[in-house]
Amino acid sequence: MAWRASARIITTPLRYSPSQQAQPFLRFSQSYSSTELTMKKDWSSEQYLKFNAERTRPARDLLSQVQLHSPRRVVDLGCGPGNSTEVLVERFPEAEVLGVDSSPDMIAKAKSTLPQLEFLLQDLVTYKPTEAVDLFFCNAVLQWLPPVQRISITTTLIQSQPPGGVFAFQVPDNLAEPSHTSMRAVAEREPFAGLLREHQPVRSQIETPQQLYDQLGPYCSSINVWQTRYQHVLDSHEEIAEWVKGTGLRPFVDPLPERERRAFLDQYLGELKAVYPLSSDGKVLFPFPRLFVVAVRK
């Protein structure tokens, strides 16, 4: 695999010391709850890890803002193939680290990478910690849940933590990016519109920093919120398509018959070539905004 350069621009961090008010707020299911789409195919760790370095970097950036020194128990929610779990083990080698995911393929890959750890095949809707957890770490998972469920699960888990416990998560904040507006544009054409109508593949918008603060605030002594816009340097437009085939494009293409799936991908690639310019060296910059939160239990 060719080496990829990567750069980022960070907006001004938003730090809060919450006081009161806000409303009570209840994963990672193999169904896209936010889109009413039941996944018939498992996640592919191989497809996901085609961009392992780029996908793991946000996990490292998130963990860098976690101010814990020696947590006893750490849970990686939606651990995927174990790339984020490995980052946690590097940082906290003495901690008991558990990985949780609903995908059998992802769990199998994580177990083969980190055979010394325990991994649990379970979704976030039914997951319940059996003992106090000092750090819940959630890397690119919560975006698949609808807002009410996303908030309620997050606050329920925060309330289960001891004072000083940390709930840290990051989510893609990219629904307005060309990579995703292009998906929706192709999905509105026939025959795709008719085939996808019952599946509702568009996921819900993530909450704003203000909304997250207001809903997490009653349970937390501090909340650190920031946004990062990564600029991934990819070799071609085809690589953008390969990237999203492992995640955001799945609700659009997985329900389609093979012939229509190929046609959708061909048209989607055409859209990408129209909206992402080639760089002077022939590579393509792929902007990718993400939202980060580190919440400390009061």
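This text follows the structure it describes.
The model shown is predicted, which means the values in this text are computed figures rather than measured ones.

**Digging into the pairing of strand β8 (residues 135-139)**
Right, so step 1: Of all the five residues making up β8, five are buried; the element is thus mostly covered by neighbouring parts of the structure.
Right, so step 2: Of the two faces of β8, the one holding L135, F137 and N139 and the one holding F136 and C138 are both buried throughout.
Right, so step 3: Note: strand β5 (residues 73-77) against β8, four bridges, orientation parallel. Bridge pairing in β8 places V74 opposite L135.
Right, so step 4: The pairing of β8 with strand β9 (residues 166-172) spans five bridges and is classified as parallel. Counterpart to F137 in the pairing with β9 is A168.
Right, so step 5: In this fold, β8 hands off to helix α5 (residues 147-159), which returns the chain to β9; that crossover is right-handed.

**Here we look at the side chain of T85**
Right, so step 1: Along the polypeptide, T85 turns up in helix α3 (residues 83-91).
Right, so step 2: Given a relative accessible area of 0%, T85 falls into the buried group.
Right, so step 3: Residue contacts for T85: discarding those within four places in its chain leaves D76, C79, V97, L114, L117 and F119.

**Overview of helix α9 (residues 237-245)**
Right, so step 1: The complete set of buried residues in α9 reads H237, E239, I240, A241, W243 and V244.
Right, so step 2: Against α2 (52-63), α6 (178-187), β10 (220-234), α10 (250-253), α11 (258-275) and β11 (284-297) lie the buried residues of α9.

**Topic: the packing of aromatic side chains**
Right, so step 1: Evaluated as defined, the whole model comprises ten aromatic pairs.
Right, so step 2: Summarising the aromatic geometry, the rings of F286 and F288 are spaced 5.8 Å apart at their centres and angled 80° between planes, so their arrangement reads as edge-to-face.
Right, so step 3: Its relative accessible area of 1% is what places F286 among the buried residues.
Right, so step 4: The residue whose ring lies beneath R203 is W144, and the NZ or CZ to ring-centre distance is 5.7 Å.
Right, so step 5: The cationic tip of R290 hangs over the ring face of F288; the distance from NZ or CZ to the ring centre is 4.1 Å.

**Section: the nonpolar core**
Right, so step 1: In terms of nonpolar packing, the biggest core is built from 50 residues, with L135, L249, F264 and Y268 touching the most fellow members.
Right, so step 2: In terms of residue count, β11 provides more of this core than any other element does, six residues in total.
Right, so step 3: Ignoring any residue separated from it by four or fewer positions in sequence, one finds L249 in contact with M183, V244, F264, L265 and Y268.
Right, so step 4: Counting 30 residues, the second largest nonpolar core, distinct from the first, contains V100, F167, Y219 and V225.

**Remarks on the packing of α9 against α11**
Right, so step 1: One can describe the packing of α9 onto α11 by two numbers: an axis separation of 9 Å at closest approach and a directional angle of 125°. By the criterion of interaxial angle, the relationship of α9 to α11 is oblique. Regarding α9 and α11, the two cross each other, and that crossing is right-handed. Between α9 and α11, the residues in contact are H237, E238, I240, A241, V244 and K245 and L265, Y268, L269, L272 and K273, respectively.
Right, so step 2: A class-by-class count of the residues in the contact of α9 with α11 yields seven nonpolar, one polar and three charged.

**Describing the pairing of strand β6 (residues 96-101)**
Right, so step 1: In terms of residue burial, β6 counts as a mostly covered element, since five of its six residues are buried.
Right, so step 2: Following the backbone out of β5, through α3 and into the adjacent parallel β6, one traces a crossover that is right-handed.
Right, so step 3: Here β6 pairs with strand β7 (residues 118-121) via four bridges, running parallel. Following the sheet pairing, G99 is matched in β7 by F119.
Right, so step 4: Considered for its hand, the β-α-β crossover made up of β6, helix α4 (residues 104-113) and β7 is right-handed.

Criteria and thresholds
Residues numbered from 1 in each chain as written. Predicted model: local features only at pLDDT ≥ 70, side-chain atom pairs only at ≥ 80, totals over all residues. Heavy atoms only, no water. Buried < 20%, exposed > 50% of the residue type's maximum accessible area, 1.4 Å probe, protein only. Helix = DSSP H or I, 4+ residues; strand = E, 2+ residues; numbered from the N terminus. Pairing = 2+ DSSP bridges. Right-handed = clockwise from strand over helix to strand, strands pointing away. Contact = heavy atoms within 4.5 Å. Phe/Tyr/Trp six-rings, centres within 6.5 Å; stacked < 30°, edge-to-face > 60°. Lys NZ or Arg CZ within 6 Å of the ring centre and 35° of its normal. Core = buried A, V, L, I, M, F, W, Y, C linked by side-chain atoms within 4.5 Å. Axes fitted to C-alpha atoms, helices over the stretch in contact; angles between N-to-C directions. Parallel < 35°, antiparallel > 145°, perpendicular 65-115°, else oblique. Left-handed = near helix turned anticlockwise from the far one by under 90°. Nonpolar A, V, L, I, M, F, W, Y, C, P; charged D, E, K, R; others polar.

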